[in-house]
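# Descriptive analysis of the structure
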Amino acid sequence: MANINKTPILFYVRGNSMNDGSRKSLIEGDVLTCEEIDIQSVEEDRLYVIQSNGDTFVRRVTLCDNDQLTAMPLNASYEECKLNKSDVQHIYLIVMRQCTTVIDIE
């Protein structure tokens, strides 16, 4: 993994893989403020933005051992993924979420 940059970074949520209808859901358009962390600092049952093999996605890490991460979407329509830690270029801890507000006007 590259050097850790402690400058906060913003990500905009796209898609619905982290939307299970609960208040924990991340909705398309939400803004995530994140800090890059060392992969050895990853804790289970927390949400992270992960950059691996050219993809960037948000997942809840459910298992973290010496060599692998198991990452789950909140939306049951999507499958878990197992990642080799060596394939993770960057991992970011979500420190703040700005929710999208949708107001229907008729």
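Below: a short report on this structure. (Residues numbered from 1 in each chain as written. Predicted model: local features only at pLDDT ≥ 70, side-chain atom pairs only at ≥ 80, totals over all residues. Heavy atoms only, no water.)

### Some thoughts on the sheet that holds strand E6 (residues 81-84)
What counts, and what does not: Should DSSP find at least two bridges between two strands, the strands are taken to pair. Helix and strand definitions here come from DSSP, where helices need a minimum of 4 consecutive H or I residues and strands a minimum of 2 consecutive E residues; each element is numbered from the N-terminal end. Simply put, an axis is a line fit to the C-alpha atoms, just over the touching stretch for a helix, and the angle between two N-to-C directions goes from 0 to 180 degrees.
Pairing is antiparallel across the open sheet formed by seven strands, whose spatial order is E1-E2-E7-E3-E4-E5-E6. Looking at the sheet topology across the chains shown, the edges are occupied by strand E1 (9-12) and E6. Along the sheet, successive strands turn relative to each other by an average axial angle of 45 degrees, direction set aside. Judged from the four bridges that link them, E1 and strand E2 (residues 31-36) form a sheet pairing that is antiparallel.

### Brief notes about unusual backbone geometry
Note on backbone geometry: most residues besides glycine have negative phi, and most peptide bonds are trans. Counted only if it meets this: Burial classification: accessible surface area is computed with a 1.4 Å probe over protein chains only, and a residue below 20% of its type maximum counts as buried, one above 50% as exposed, and the rest as partly exposed.
You will see that Asp 45, though not glycine, has its phi angle at about 65 degrees, which is positive. For Asp 45, the position within the fold is in the loop between E2 and strand E3 (46-52). Its identity is not glycine, yet Asn 53 carries a phi of approximately 50 degrees, on the positive side. Tracing the sequence through the fold places Asn 53 in the loop between E3 and strand E4 (55-64). Overall, Asn 53 belongs to the exposed group, its relative accessible area being 53%.

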